[in-house]
Each structure stands twice: as structure tokens, then as C-alpha cells.
Amino acid sequence: MKIMVDILQLLLLILGAPLVRGIIARFKARLQKRRGASIWRPYVELFKLLRKEDLTPPTSSAVFRLAPVLLFGCTVCVAAFIPVAHVSALLGSRGDFFLLVYLLGLGRFSLSLGALDGGSAFGGMGASREALISSLAEVPFLMGLVALAILSSRADITGMVAWTLHQNIFNISTVHILAFTSLAMVVLAETGRMPVDNPTTHLELTMIHEGMLLEYSGPSLALIEWASAIKLHAMLALLIALFGPWGMAAGGSGWGLATALLLYCAKVTVLMVLLSVIESAAAKLRMYLVPDFLGVASAVSALAVIFTMWVKR
Amino acid sequence: MGLVGIATEKILSSFSVFLFLTIILLAVARRISTSVLLFSLQSAIITAEVLATGFQEKLASAYLVGILIFVIKVVAIPRAFFVLTKRLKTVHDVKASTTPSQSVFVVAVMIYLSYAAVHSYGGAVRAPGDSLAAAIALILTGAFLMVSRKKAVMQVLGLLVMENGIFLAALLTTFGMPLVIEIGIFFDILMGLLLMGIFMFRISDTFEHLDVSKLRRLRG
Amino acid sequence: MPMGPIEMAFAYLLSVLGVFVPAILIVSRGARARRLAITLILTAGVAGGLVAVSSFLWQTTSLLDLSWATPFPFSFAVDRLSAFFLLLVCAVAVPVTIFASPYFDLHYSEQQRRWTWAFFSLFLLSMIVVVTASTGFAFLAGWELMTLVSAALILIEGDSPERRHNVFVYLLMMHVGAAAVAGCFFLFLPYSHSLDFGMIRAAGAAMPGGIRAAVFLSAFVGFGAKAGLIPLHLWLPRAHPIAPSPVSALMSGIMLKTAVYGFVRFAFDFLGGGPWWSGYVVLVVAAFTGLLGILYAIAEHDLKRLLAYSSVENIGIVFLGLGTSLIFLAHHSLLGAGLALVGALLHAFNHAFFKSLLFLGAGAISSSTHTVDLNELGGLQRRMPVTGAAVLIGCCSIAGLPLFNGFVSEWLIFRSFLAGSSLVDAKAGIILPLMVGILALIGGLAAACFVKAFGVAFLGRPRSAEAEHAQEAPLGMRVGLWMLGAGCICIGILPGLLLRPLVSLVQVLVPGAGVPEETLSIAYIIPWIAAIVLGTSALAALLRPRARMARTWACGLPGLTSRMQYTSTVFSKPIRSVFAQVYRPDRKVEQLPTDQPYFPASIAYQSVRTTSYERVLYRPFVELFISLAHRLRRLQTGNIQIYLLYIFLALVSLLTFLRFQR
């Protein structure tokens, strides 16, 4: 029973991911006074790409073909860490957050290599910029999670979520606010959203994530796009699980699960609205201001870790 | 306990967190207008704190002080700043000599220091540790802003942030000063602000900029 | 003493490496003799591995006593700590030997080969002696032999003035370190009255605090110099690029670990944890070492220098674990101490594997392209796929990615930082969790560094004619590479293989220490994660049809050239500019003619990276010593009578000293 629930949650994260993208795009369009495409558009695009032919550059090696596949595998594995509607996940209680962050790192590593294998200038450019951003983003990501882990004295995601669930919703601690601030900034950087990277850009010189995908086409591109959608969805779900798990089902009753699922949809919608507002309002940071952005996130997360000392004792 | 009671308790228990957030944002802010808005927000948080204390301690004079703070620090001073910057036609940038992330690290260290200082005194002071630490952190951050921002406007703002901290510390350690002194302090600040405003006009008239770091001629 | 099978194997090991192999190579010049010698080295390696495993299981105490052959007490014993490091030495030595055989054949003349193999064997012997010695004399003898033989191995390749200078720096730093190590033993002497390890251990607990602190600091400096802790790392980036690749692999893979062994032996075994501040000192130095090491590595475009700096970084990670363990010990928190120590030891083991793999990979590249400059390479994966795949494994491991071995040990160290939050002492309770940020930054930068290293060297288009015509490495090289690669994957996916033995090792080393049970669960979870990741990847791969070749998009231009690709230097540019404070480059741009700024005929750009601390830290010392040397030169008059006077004065002063000693 429990494992069925866990698998269903994982499937929700994987299959719902394109929808999240579609809805965000729609919200953004509305904010910019456009009609916007259908929210199901990402699914159509995935199907279209999956039916197309796969092209590889003549200079590339096996790495080019393997990279998207491995990226997809890692991202799915990351999604298996995150509880959605029920306080459990396939890997949630066994694997801890270090594993989660480093699995994302493995996916990124393989995609960067794939980009470099294309043999064009843009792949290298994207990979080089991604290397900078991701190596700096890892600091606030881990430290923010460390602060929460210290508070809950657990290192596994499910344990941390279960602990938060038992707290009073009104008793916001300093640590939670600071950790949320830093992790929210990290999510923007990790998923390549607006102040850090423009997900809709097609101007080569401003691309970071998109630059790495330039040589990919057909099913390979579909896998990468799907993986980045899953990553976005999983990150949002992680924020919800860590900072607003209230309403999540802990038992096995069907009604509890159904309400928890509805609540999850509501919470995710709130985050999507927030994201689209940020994306519409904020201008993309210059490349060399991104380290400052992440430095601020690191400082805030360090402060969160320091504050655990006074909150806990 | 009614709704007001719950709100009071929440304000008292978590206002220091929000004060910390405002000073972190002040360290990040790159525009003068943002900094002024943040100062106004910070003062609003302190207003809420004063009103909550007044409600809890049943002090009528605290309400008066709260209203005074609101009028002067949340509305009047920020407005004066906006008018001032508009009249001075100065550039929006605060001209920080440290990058945002460096500033935040400095502020983080200051928050840590103020916490450590307050905790080392332990029970010697009656005030709740969090809030007193927030007050000291405000003083330190104000000083840091004055040191690291080159615009004369920001020096005034730093002074005001410091004053916020001093006011908060006084409020927390004495649980409400005599009203006369409070009003005296406000008057003091208003006069100071007036003087600074005049000074800034003079500076920008004479040197055609507001960059303090270029005022080397003062050395004589 | 009767000789059991373990003792016999150990005696075989020592005699083969120390006597037979050099003797064979000196006596005979033929290729057959050399082949015999290599086979003997391999059998010795296997024997060493067996000795390590069996003495780990049965916990033998004393193995061999050679005191009759030397004027000093000179004996060997393999306890669990020694067995672990002996296993490390042998497990890396065998693949390196297999690799080295075709490598030396390709690169060296007949004469060079003989000497190289003789010294190679002695080098292995010296490292085995260091990790198995049970008296101070044996330890120091092995220590000194290790330094000299490795210097000889570097000099065999040639002796240009620059090379000599680098070897001089290497020898100088090693001897400063050796002096400090010898100092440790002599500090023990008044209390233990012997240099036998057992006696030293017994004396360790009873020593006064001041002496313990002195021993600790002396050991930290001495072994730190060997390990390459910043600021004593200067020799590493100088010695490695000029050493032949298999020797670099041994030096970086094993020789640095002997320093870790020595430090663990002194700080944990003999002293049972240092003074209360010891952990913090180690932690701070290690954090600087890790961060600066990887930052310098990422800026390099010479593959071997890059790897050398990355060794500095990894040693930093190992010492982060050791420092954490010392902090826990100072607070009598034995579970945390065990966890951090297991992490540090495992990382030392893992680093031995992937770093020697990568150095061998650099050797394979230089054999087929004659360069290790990343900006001259590219596209090698298509040309040497087997080598490339092995190097990719090494890169993933060193970047600390899950499913590879580097991750497991970094994870353990991360968890020990996290466990630090439970310490009651507020100082430690905050500093340790904050170290997560440092290690995360190191890990992130390491990933970036090795994306660059592998991506630029092996992927994309070749950047030079040599790379264009590169050939796959010979069979022996590929076998050596893949043995190490298989080890990386094996530990990466089944960490339980080493984790359990390491826990039992730590329990012996620090009585009462252990590891929190939940952290051992990594051994069960990693295979699951591997299954999920690889299973999903396989499923996803099924979704795709076969690929068709199509031209790389060139913005509508006729075609791309390799000059349009990102080079190693450009790749690291964003990171270098963000951390510009660390590098402090001296840039010089020359534009000609100067009167027409917009239409220059030629622009010359020069960027010299002098490391700032090198200037700040070493310059005063160097100047001091040079001026001292100039003053001392006055003693050298050349007059023989003056020299006789010196001898006479020395004799007289010694006699007076003796007189007043009584």
C-alpha cells in the first residue's frame, strides 16, 4: 500500500512536470497581457520531439548520446526523494539531502559534458557558465538544508518534513524564514529561472541552460526538456514539503490523501503565481552579478545555520 | 485572549526575525529609493512592536509614542528623503564600496556578534534576548551602512537605522521611557535631519555631486 | 620466532622489492630480465595485498624483526591501521606497474628503463616500509628513502636547470618536513626511552600537556609538508608535472597517503587526540587547503599541474575529516569522532584510486599526443574510447558524484559535520555545520574543474594535429587504467565492502569509537539509487531511435573550426574572475602602435599568475636564508689552518660540554 502511494507520488512529480511549466507560461502570459498558449502545450511539444529524428554532430562521441539519458535518470531519482501528498517518498526516509543535492550534480555534470561534446562554441559557453553558477549554488542549497536538519535532528527529507508537520504553523522560527529565503533563491538559480537565467531566451549570448541544449534535437532534447521540467516541479515540491507541509496525509486513508493532494495543488499554484510574478517583474542579472545573488543566499543560509544554535538550545 | 492578544504575542515573538530580514535587505539594496523604503518598513515593524508592548504592559503613553514613530519615521522621513533625492537630482545608486554578498556576510557576522554579546550577558538584562540582539544588530548595521556607502544620503539613512536600534534597545531595557525624553529624541532627529538636508544641498551645490569619498578637500 | 605464512609473504615482499628486483636489473641488461623484474614486482604487490587482508582479519602484531641487520632496532608490524594503508599501497601499485611497463617502453631508452624500474621498486619498498614500520628508525629510514628515490625517479627523465630547481624545492620541503617528523620522535624519547611504537604509545598518555602540544604541532608540520597542506604544498605542482606519469600516480596516489598515515598514527594512535585546539587548527588549515587547491586547479590548463593542485584539494578534504574527528575527540564524542575518521580514511583510500587513475590517464594522453596541455587536446574520446571511459570514471569519482567512490567518503565527512551540531559546546556546534558550506563549495568547484578537464581533453573537436591523430593506448596501459576504474566503481556502488572493515579499524584505533548506525545505511541505499538511476536511464534510452549524423550548427557560417570551441582557459574564466582576489594575476596588455587606440596593428597580452601568498610567505624566509648564507660564507676562508682550527674548537667545546654535563 505504502509503496503504491510512493510510486504514485513519484509519477505525479514526473508526469505533472510539463503541466507546471505550461501553467507558469500561461500565468506569465496573462501578467504580460497576452493570451498565452494552452497549458497542455509542453506535453504536445514533448510528443512532437519524441517522434522526431535524433541528430548528433559528426565530431561527437558516445558521451553526447549518453548525457541526456543519465540526466533524466538522475532527475527522476531526485524526484523519488520528495514527499508530495503523503509524508513518505520512495527514497525519502533512506536517502538524505546530501544525496539529493549530489544526484542533481551528477545530472548536471553529464549534461555539461554532453554540451562540450557538441564541438560548437555555445555548448562550451553554456557549460562554463553553468559550472560557475552551480558550484556557487551548492553552498546555500546544502547549508539551508543543514539548518533545517539541525532543527529537526534528522537528515532524511521525510524525517524533516514529519518534524515540521508537528510544529505549530504560526510558530515560524527565524531559522525557517532564513532557510526559506536562501533555498528559494537557490531554486531560482538551480532551475534556471529569471533573475539568474532566462528560460525563454534564444539569443545565444545570454543563454546558460539553453546554451547547453543547442546541439540536441528530437528525443534527446525531449528527455532534457522533460528532465528540467521534473527538476522545476521537484524543487517546488521540495520547498512545499520543507516549509509548508501542513495538510499532508500521514495515515493511509483515501480521503486524507485526496484532500492532501488538493492542498498540494493549491500550494503549488501559489508558488507558480509567485514565480511568474518574479519572472515578469525582475530583469535578468548580468552574468557577473549572479555570484552576488548566490553570495547573498549563502550568507543568509549561514545565518540560518548560526541561528539554530539559539533556537535549539 | 482575543484576536488582538494573539496578534500581540506573534508580533512580540517574531518581530526580531523581520528586523533581521530588513537589515539583510538593506545590505543588498543597490538603490537609494529601495533603502529608504526598507527603512520605512523597518520603522513600521518597530511601530508594531511598540504598540504590542503598549498593549501588553497596558501603557497608554506607548500608543502615543507608536503613533509618533509612525508619523515621523514611517511617513515623514521617507517622504522627505524622496523629495530630497528628487530635488538633488542625484543618481539612484548607493555607491557601495562592498559587493552585496560581502555586505550580507558582514551583516551576518554583526548579527552573530550581537547575539553572542547578548547571550553572554544572559540573565543580566530583563529584555528578551532575540529583540535586544536585533536592536544591537540595527546599531551595528547602521554604522556599517554609514561606513560603506559613499552617498551622503546613505550616511543619513545609516544614522537613522542606528537611531532605530538605539530606540529599540532603550525600549526593551526600560520598558518605556518617559514620554518627554522620547519626544525630545524625535525632535533631536528631526533637527539633525534638517541640518543634514541643508548640508547635502550645500555639498551638491558646491561640488555638484554627493559622493562623500571625493570630499578630500576637507583635509585642508 | 617461527615464520607463519603471513610473515613469509611479508619477508618475500620486502626482499623482492628491496633486493632481488634492483639486483636483477643491475646485473642483467636484457629485456627478459626486465620482464622478470616487473613480474616479481607484481607478485610482491599481490603478496602485500594478501598480507594486508590477512593481518587485518587476524590482527597479527609483530611481523619481522630486522634489528640484527642494522645498528638500530628495526622491526615491522602490521596492525589494522598499517594493514589498511598496506592494502592501499599494494592495490594501487599493481595497476600502476601494469601501466608503467608499456609506458616506460614507449618513453625511455634502454638505460633509463633499467634505472627507472630499479628505483620504482625501491620507491614501492620505501612506502611499504613507512606504513608497516614499528620502530622510529624503520619509519624514518623508509621516509627518507621515499623522498630520495622519488627525486631520483624525477631526475631520470632529464636534468635541465629548471627541472633541477624544481627537484631542489621538492627535496628542500621534504627535508624540512622530515626534520619535523624526526623531532616528533625525539620529543617522545625522554618519556618512552625507546623508539618502539608500542613504548611510544604507552608513553603518549602520560606526557605533560606542553610536550603533547609540541608533538602534535611538529607532526602536523612534518606530515603536512609531505601531504601538501597549504602553505607547505609548493613542491606538489612543481614535482608532478615533471615526473613521469606512473611515478606521479604513485607519488600523488600513495606517497601523500603515507603522510596521512603518519599523522593518524601520531595524532590518534600515539597521542589519542591532540590538545583542545588541535582540531580547529587542522580544520582551518584543511579548509584553506581544499579551497585554494581546487581554485588553483581550475585555473590550470596543464593537465598534470591541474591534477597536482587537485591532490592538494583532496588532501584538504582528508584533513577536514581528521580535524573534525579531533574536535569530536576533544569533546569526548566518540561516535562523531569515529564517523569523521572513517570518512577521512576512506577518502584517502578513494583518492589513491582515482588520482592515480587520472595521472595514468594523463600518461596515456601524453604517450599518444605528446602533450598534456589541455588547450592542445580535444576529441580524444572518439580516438581512444577505452582510455577515455576510464578517465571519465576517474573524473566522476574525483568530482564526488554519487555512484562513484569519491562521493561516499565526502558524504561521510558531510555527515560528521552535521553530527557536530549535537555537540554541547557552542563553538564546535556552529563551526562544524558551517563547514558544510566550505566542503560544498569545494565539491562544486571540483565538479566544475573536472567537467573542464574531461570535456576539453576528450570531447568536441581536436585542437591540434597531434590530438587529431591520437591512437588508442596500448593494452597494458588500458588494463592498468581499467583496474583502477573498476575499483572506483566498485567502492562507489558497494561502499559496504570497505565501510565495515573501516569501522572495526577505527574501533581499534580510538577505543570506544564507533559510527552512528544510520550512516552505515549508505551502503544499502547506494545500490538502490544506482538501480533507479541506471534503470530509468535505460528506459529512457529505449525511447530513442538510432541517431543520424548532422553538421553542428555554425550560425550559418560555412563551418566550425576547433578554434571556435571553448578552451580550458576560457572555460574557467568566469570562476577565475569571481575569485580574482585569490589569483591576483599580473596582466599586461601591449598595443602597437600606441597612438591609434582603435586600429591597433598588434596586441600582446600577457598574464602571469604569481600566487600572492608565495610572495608574502616565502620571500622573507628565502631572503633571510640567503643573507644568513652570505654571512656564513665568511667562515669559508679557504685557509686549511683555519679549518683545522674549527675542528680543534669543536673538539674543545664538546669536551667542555661533557665536563659541565656531569
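Residues numbered from 1 in each chain as written. Chains lettered and ligands numbered in written order. Predicted model: local features only at pLDDT ≥ 70, side-chain atom pairs only at ≥ 80, totals over all residues.

**Details of the overall build of chain A**
Tallying secondary structure elements over chain A gives 12 helices and 1 strand in all. Counting helices and strands in the order they occur from the N terminus, chain A gives α-α-α-β-α-α-α-α-α-α-α-α-α. Its C-alpha atoms put chain A at 60 × 45 × 40 Å along the principal axes. Expressed as a percentage of its 313 residues, the buried residues of chain A come to 65%. Long-range pairs, those at least 24 residues apart, make up 81% of the contacts in chain A between residues at least 6 apart in sequence. (Helix = DSSP H or I, 4+ residues; strand = E, 2+ residues; numbered from the N terminus. Buried ≥ 20, exposed ≤ 12 C-beta atoms within 10 Å, placed from the backbone. Contact = placed C-beta atoms within 7 Å.)

**Some points on the overall build of chain B**
Of the regular secondary structure elements, chain B holds 7 helices and 0 strands. Secondary structure elements of chain B occur, N-terminal to C-terminal, as α-α-α-α-α-α-α. Of the contacts made within chain B by residues no fewer than 6 positions apart, 72% connect residues no fewer than 24 positions apart.

**A short note on the interface of chain B and chain A**
At the junction of the two partners, chain B supplies 16 residues and chain A supplies 13 residues. Breaking the side of chain B that touches chain A down by element, the ones donating at least two residues are α1 (3-28) and α4 (100-121) of chain B. Counting residues per element, the side of chain B that touches chain A draws most heavily on α4(B), at 8 residues. Tallied by class, residues from the side of chain B that touches chain A come to 12 nonpolar, 3 polar and 1 charged. (Nonpolar A, V, L, I, M, F, W, Y, C, P; charged D, E, K, R; others polar.)

**Re the arrangement of the chains**
For the 2 pairs of chains in contact, the largest share of contacts goes to chains A and C. The two units chain B and chain C never meet; even their closest C-alpha atoms stay 10 Å apart.

**Some details on the nonpolar core**
Counting 414 residues, the largest nonpolar core has A:I82, C:L86 and C:V89 as its most contacted members. No other element matches helix α17 (residues 426-458) of chain C, which puts 22 residues into this core. (Core = buried A, V, L, I, M, F, W, Y, C linked by C-beta atoms within 7 Å.)

**Notes on the interface of chain C and chain A**
One widely used convention gives an interface's size as the accessible area the parts lose upon coming together. Listed as interface residues are 65 residues of chain C and, on the opposing side, 67 residues of chain A. Elements supplying a minimum of two residues to the side of chain C that touches chain A: α14 (380-383), α15 (385-398), α16 (405-419), α17, α21 (522-542), β3 (547-549), α22 (568-571) and α23 (573-578) of chain C. The pairing of strand β1 (residues 54-56) of chain A with β3(C) spans 3 bridges and is classified as parallel. Residue pairing for β3(C): A:T56 is matched across the bridge by C:M549. (Pairing = 2+ DSSP bridges.)

**Here's the deal with the packing of helix α4 (residues 62-79) of chain A against α21(C)**
Across the interface, α4(A) lies against α21(C) with an axial gap of 8 Å and an inter-helix angle of 135 degrees. On the basis of the axis angle, α4(A) is oblique to α21(C). Where α4(A) crosses over α21(C), the two elements pack in a sense that is right-handed. Packed against α4(A), whose contacting residues are A:V69, A:L70, A:F72, A:G73, A:C74, A:V76 and A:C77, the element α21(C) presents C:I529, C:I532, C:V533, C:L534, C:T536, C:S537, C:A540 and C:A541 at the interface. (Axes fitted to C-alpha atoms, helices over the stretch in contact; angles between N-to-C directions. Parallel < 35°, antiparallel > 145°, perpendicular 65-115°, else oblique. Left-handed = near helix turned anticlockwise from the far one by under 90°.)

**Concerning the packing of helix α6 (residues 161-192) of chain C against helix α7 (residues 197-204) of chain C**
Any two packed helices are characterised by the angle at which their axes cross and by the distance between the axes. Residue and element names in this part refer to chain C. For the pair α6 and α7, interaxial distance at closest approach is 9 Å and the crossing angle is 80 degrees. Relative to α7, the element α6 is oriented roughly perpendicular. Here F188, Y191 and S192 of α6 lie close against α7, whose contacting residues are M199, I200, A202 and A203. A per-class count over the contact of α6 with α7 returns 6 nonpolar, 1 polar and no charged.

**A short note on α1(B)**
Residue and element names in this part refer to chain B. Between the first and last C-alpha of α1 there are 35 Å, a value that for 26 residues agrees with the 38 Å anticipated at 1.5 Å per step. At S14, α1 shows its maximal kink, close to 50 degrees. When we look at burial in α1, the residues that qualify are T8, S16, V17, L19, F20, T22, I23, I24, L26, A27 and V28. (Expected span 1.5 Å × (residues − 1). Bend = angle between axes of the 7 residues up to and from the residue.)

**Details of the confidence of the model for chain B**
Residue and element names in this part refer to chain B. With 83% of its residues at a pLDDT of 70 or more, chain B shows a mean pLDDT of 78. The least confident element of chain B, judged by mean pLDDT, is helix α7 (residues 179-207) at 71; the most confident is helix α2 (residues 32-57) at 87. Across the interface, the model reports ipTM at 0.95; the global pTM reads 0.90. (pLDDT = per-residue confidence, 0-100.)

**What to know about helix α3 (residues 80-107) of chain C**
An ideal rise of 1.5 Å per residue puts 40 Å on 28 residues; α3(C) measures up with 39 Å between its terminal C-alpha atoms. Most of α3(C) sits inside the fold, with 25 of its 28 residues counted as buried.

**A few points about unusual backbone geometry**
In this structure, the amide linkage connecting C:I230 to the following residue, C:P231, adopts the cis form with an omega of 10 degrees. Mapped onto the elements of the fold, C:P231 is located in the loop between α8 (209-227) and α9 (235-242).

**A closer look at the environment of A:A37**
Residues and elements named next belong to chain A. Its location among the elements puts A37 in the loop between α2 (17-31) and α3 (41-51). Owing to 14 C-beta atoms within 10 Å, A37 belongs among the partly exposed residues under this scheme. Put simply, A37 and R26 are 11 residues apart on the chain and 6.4 Å apart in space, counted from C-alpha to C-alpha.

**Considerations on the environment of A:G144**
All names here are of chain A. Here G144 shows up in helix α6 (residues 121-152). Residue class for G144 comes out buried when judged on the 29 C-beta atoms lying within 10 Å of it. Taking C-alpha positions, G144 is 8.4 Å from V300, a pair spaced 156 residues apart along the chain. Excluding anything up to four places from it in sequence, G144 contacts A179, S182, L183, V186, S301 and A304.

**Quick word on the environment of C:F119**
Residues and elements named next belong to chain C. Relative to the helices and strands, F119 resides in helix α4 (residues 110-132). According to the C-beta neighbour criterion, F119 is buried, with 23 such atoms within 10 Å. With 280 residues separating them along the chain, F119 and A399 place their C-alpha atoms 32 Å apart. Those residues within four positions of F119 in sequence are excluded, and the remaining contacts are V149, A152 and L153.

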